Amino acid sequence: ATLTLSDISYTAPGGATLPFQIVAVDAETTGKEESIAFTSSGSAWQTIDSYLPANSSTILALNGSTATVSRNPVSQNTVAGIYLLASNNPTSVAAEMTLRASNPGAEGVAFGVVPLPPQAAPVGGAGFILMASGLVGLLAFGARKQRKR
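What this report covers is the structure whose coordinates are included nearby. Quantities reported herein were computed from a predicted structural model and do not represent experimental measurements. (Residues numbered from 1 in each chain as written. Predicted model: local features only at pLDDT ≥ 70, side-chain atom pairs only at ≥ 80, totals over all residues. Heavy atoms only, no water.)

## Side note on the packing of aromatic side chains
This structure, assessed with the given rule, holds three aromatic pairs. Ring geometry for F38 against F111: centres 6.2 Å apart, planes inclined by 85 degrees, an arrangement best described as edge-to-face. On the criterion of sequence distance, the pair formed by F38 in strand β4 (residues 35-40) and F111 in strand β10 (residues 109-115) is long-range, its members being 73 residues apart. Here F38 falls in the buried class, since its relative accessible area comes to 0%. (Phe/Tyr/Trp six-rings, centres within 6.5 Å; stacked < 30°, edge-to-face > 60°. Helix = DSSP H or I, 4+ residues; strand = E, 2+ residues; numbered from the N terminus. Buried < 20%, exposed > 50% of the residue type's maximum accessible area, 1.4 Å probe, protein only.)

## Observations regarding the pairing of strand β6 (residues 58-63)
Alignment of β6 against strand β7 (residues 66-71), held across six bridges, turns out to be antiparallel. Pairing of T58 across the sheet is with R71, part of β7. The hairpin formed by β6 and β7 contains two residues between the paired strands, and G64 there has a positive phi angle of roughly 65 degrees. (Pairing = 2+ DSSP bridges.)

## A closer look at the side chain of S87
With respect to the helices and strands, the residue S87 is situated in strand β8 (residues 82-88). From its side chain, S87 meets the backbone oxygen of S43 in a polar contact 2.7 Å long. Residues within four places of S87 in sequence aside, it is in contact with F20, Q21, I22, S40, G42, S43, A44 and W45. (Polar contact = N/O pair within 3.5 Å; in protein donor to acceptor, adjacent residues only side chain to side chain. Contact = heavy atoms within 4.5 Å.)

These results come straight from atomic positions and should not be treated as a statement about function.
Here is the structure:
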């Protein structure tokens, strides 16, 4: 299954485009033989934080606009870890979730939006530089419809 958010924009009340990040995370434990491939039309995915217990077998493969989260299939008695990923200013993002063929489970993803001041960048392992006061705008997903008057 694939979840896609498209026609993403973040604009100021006057119509100026504002910078933002889409944050993505595996919201349900990825089991063996399962994976999630996040894609973005924005900047390459970056890891901004992670939680990886000592016996975690979670694997992250970053390849530009694609970030794939999976588990090492040969690991025994291990637990899942979590990666928090970010991409700047995408117009679309997607998460392709692959379930195991034998005994299918479930997968889930979560997306967040972080408004950024023009000079901001993600800070690895420490979160984000938050927006400056007064930076307010409208975030839109999907095709916009004009209201009839």
